[in-house]
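Summary of the model geometry
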Amino acid sequence: AVRCVWLRQQLSDGAGGEMGREVASGFINRNLFFDRLQQAILRAERSNQRLALIHINLDDFRTVNESLGYRQGDELVLKLAERLRAVLRRVDSLMRIGGDELAVIAENIDDSLDMSRIVRKLVGAMNDPVVVAGSTVAITASLGVATYPEAGDTPETLLRRANRAMFEAKRDAGNSYRFYNRQLHITAGHQLKLEADLRNALRGGELELYYQPRIDLITGEARGVECLLRWNHPTRGLVMPDEFIPAAERSGLIVPIGYWVIEQACQRLREAAEEGYPGLVFAVNLSFRQFHDRKMTETIFRIIFNANVDTSLLELELTESAMMHDPDYAQRCLRELSQLGISFALDDFGTGYSSLTNLQHLPISLVKIDKSFVQQLGDTGDSEHIIRAIISLAHSLQMSVVAEGVETEGQLEFLRQQHCDEVQGYYYARPMPWPDLLEFLQERNRLACLQE
């Protein structure tokens, strides 16, 4: 029954179907494998793309055969292949090329990050034991990766070098991998280590929020703050988001991290009111990955309900790309959350694909001008025209405007003349820890009172 289900899945997978049949039957046909690999190389050559050959060898498989028998050993390989196929992409092909060996042909590879993602999924799929004939069998494997064109341009060369990398991986205990290309191995290894450290950071309390004030251009008061994530790594010190946020998004960790940020923002929102700043808005960045979570609205609602805060002071910042994955679902989420009183800001406006007229259908109350336009002020007239247009259109749609990246008096004065509502940037303050923010707010409001 397992083999029949497996076979049906592979037949539905198009190009990988014939290779899937070989896995399903346990039949080993290296000629078919080399033919499929040759065809994949030709496709990669025509489209000027990379592919990766991943050679998987089960560790100490002879012991499995001796203890369970060859039939059960064969069944174990088939069950493992079914598990591996489930984590691969549709364009990837899987085939059994030996009694204890499998091979994956991964096409359309962009960079080492793509390869590390595929390797991570394969390794993860082998972490759990396999149940065969009532016995629970823990398995480990060694993976060798060779890429076209770096490691070779023929099937024989790629397999030989993937095999060499696999034997290098045998030196490490447990599920391990090696790249034939040392630099790729270092890069991919760094990414996998970064993701593992980040997972521990979320559990171990290493993450921290910094806050960058948003200044009202009329009153000079801090109207709100943007909550920005920082990582206090135990050995590397402070790690900036430019490095770890992409890793968090690739691995999906950004979803629980995003909810943690909202929880922290709600806690600080409550503390701000107790410290004498009851109207301070807390803005939180919402990753496009959050919209992949079908329980996003429910989870955010639960966080806000438990925090018991004024929802009108919580602002979720999202980019245009966050709404492009599934626009209908994203719009529904925004409408449901807006009914709770939450407001929304469109971050980095001007760098995506939508226009302000399209935003009329979304509950957006604020637009943030991307810092790239602000920092080009004085260099080209284009930035001035773009900023004027954004402010004018946003105001006509009853939206407020915040300009990011303000660093000079000249930039500030231009934005004030164009009736920009708020600004944030190094001119006023860098992102800072919570105690420093409280001192800044006290001093800022004191200056505002003096100006009155």
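Heads up: these notes are all about the structure in this document.

Cut-offs and rules
- Per chain, the residues get numbers from 1 upward, laid out in the order the sequence is written.
- Per-residue local features are limited, in this predicted model, to residues with pLDDT of at least 70; the limit for side-chain atom pairs, both in listing and counting, is 80 or more; totals at the level of whole chains, interfaces and linings are taken over all residues.
- Values reported for side chains reflect all heavy atoms of the structure, with hydrogen atoms and water molecules removed beforehand.
- Numbering of helices and strands runs from the N terminus, with a helix taken as a DSSP run of H or I at least four residues long and a strand as a DSSP run of E at least two residues long.
- N or O atoms within 3.5 Å of each other form a polar contact, as long as, within protein, one can give a hydrogen and the other can take it, and as long as residues adjacent in sequence are counted only when both atoms are side-chain atoms.
- Pairing of aromatic side chains here covers Phe, Tyr and the six-membered ring of Trp, requires ring centres within 6.5 Å, and sorts the geometry by plane angle: under 30 degrees stacked, over 60 edge-to-face, intermediate tilted.
- Note on exposure labels: buried denotes an accessible area under 20% of the residue type's maximum, exposed denotes more than 50%, and partly exposed covers the range between, all computed with a 1.4 Å probe on protein chains only.
- For a lysine, the NZ atom is tested; for an arginine, the CZ atom; a charge sits over a ring if that atom is within 6 Å of the ring centre and within 35 degrees of the ring normal.
- For every element, the axis is a line fit to its C-alpha atoms; helices are fit only across the contacting stretch, and the angle between N-to-C directions ranges from 0 to 180 degrees.
- Note that the term roughly parallel is reserved for angles under 35 degrees, roughly antiparallel for angles over 145, roughly perpendicular for angles of 65 to 115, and oblique for everything else.
- Contacts were defined at the residue level, with two residues in contact if any of their heavy atoms lie within 4.5 Å.
- By this rule the span expected of a helix is its residue count minus one, scaled by 1.5 Å.

The next thing to look at is the side chain of Arg214. Structurally, Arg214 is set in strand β8 (residues 207–216). Reaching out from Arg214, the side chain makes a polar contact with the side chain of Glu315 at a distance of 2.7 Å.

A few words now on the packing of aromatic side chains. Scanning the entire structure with this criterion turns up eight aromatic pairs. Judged by centre distance (5.6 Å) and plane angle (85 degrees), the ring pair of Trp231 and Phe244 falls under edge-to-face. A residue pair is termed long-range when its members are at least 10 positions apart, and Trp231 in strand β9 (residues 222–233) and Phe244 in helix α9 (residues 241–251) qualify at 13 residues. Taking relative accessible area as the criterion, Trp231 reaches 0% and is therefore assigned buried. Chaining the aromatic ring pairs together yields one cluster made of Tyr211, Phe282 and Trp434. Here Arg230 stacks its cationic end above the ring of Tyr210, 5.4 Å away from the centre of that ring. Lying across the ring of Tyr329, Arg294 places its NZ or CZ 3.9 Å from the centre.

As a packed pair, helix α3 (residues 30–47) and helix α7 (residues 155–169) sit with axes 9 Å apart at the nearest point and diverge in direction by 105 degrees. When the axis of α3 is compared with that of α7, the two are roughly perpendicular. Where α3 approaches α7, its residues Arg30, Phe33, Phe34, Leu37, Gln38 and Ile41 are matched on the opposing element by Pro155, Glu156, Leu158 and Leu159.

Moving on, we get to unusual backbone geometry. Cis geometry is adopted by the peptide bond preceding Pro149, which originates at Tyr148 and carries an omega value of 10 degrees. One can find Pro149 in the loop between β6 (141–148) and α7. Positive phi, close to 55 degrees, is recorded for Asn308, a residue that is not glycine. Turning to its location among the elements, Asn308 is positioned in the loop between α11 (296–307) and β12 (314–318). The phi torsion at His419 lies on the positive side, around 65 degrees, for a residue other than glycine. Turning to its location among the elements, His419 is positioned in the loop between α15 (409–417) and β16 (422–423). A relative accessible area of 58% means that His419 is categorised as exposed.

On to α7, then. Taking 1.5 Å of rise per residue, the 15 residues of α7 would be expected to cover 21 Å, and the 21 Å separating its terminal C-alpha atoms lies within 8% of that figure. Among the structural elements, α3, β1 (50–58), β2 (93–98), β6 and β7 (176–179) are those in contact with the buried residues of α7.

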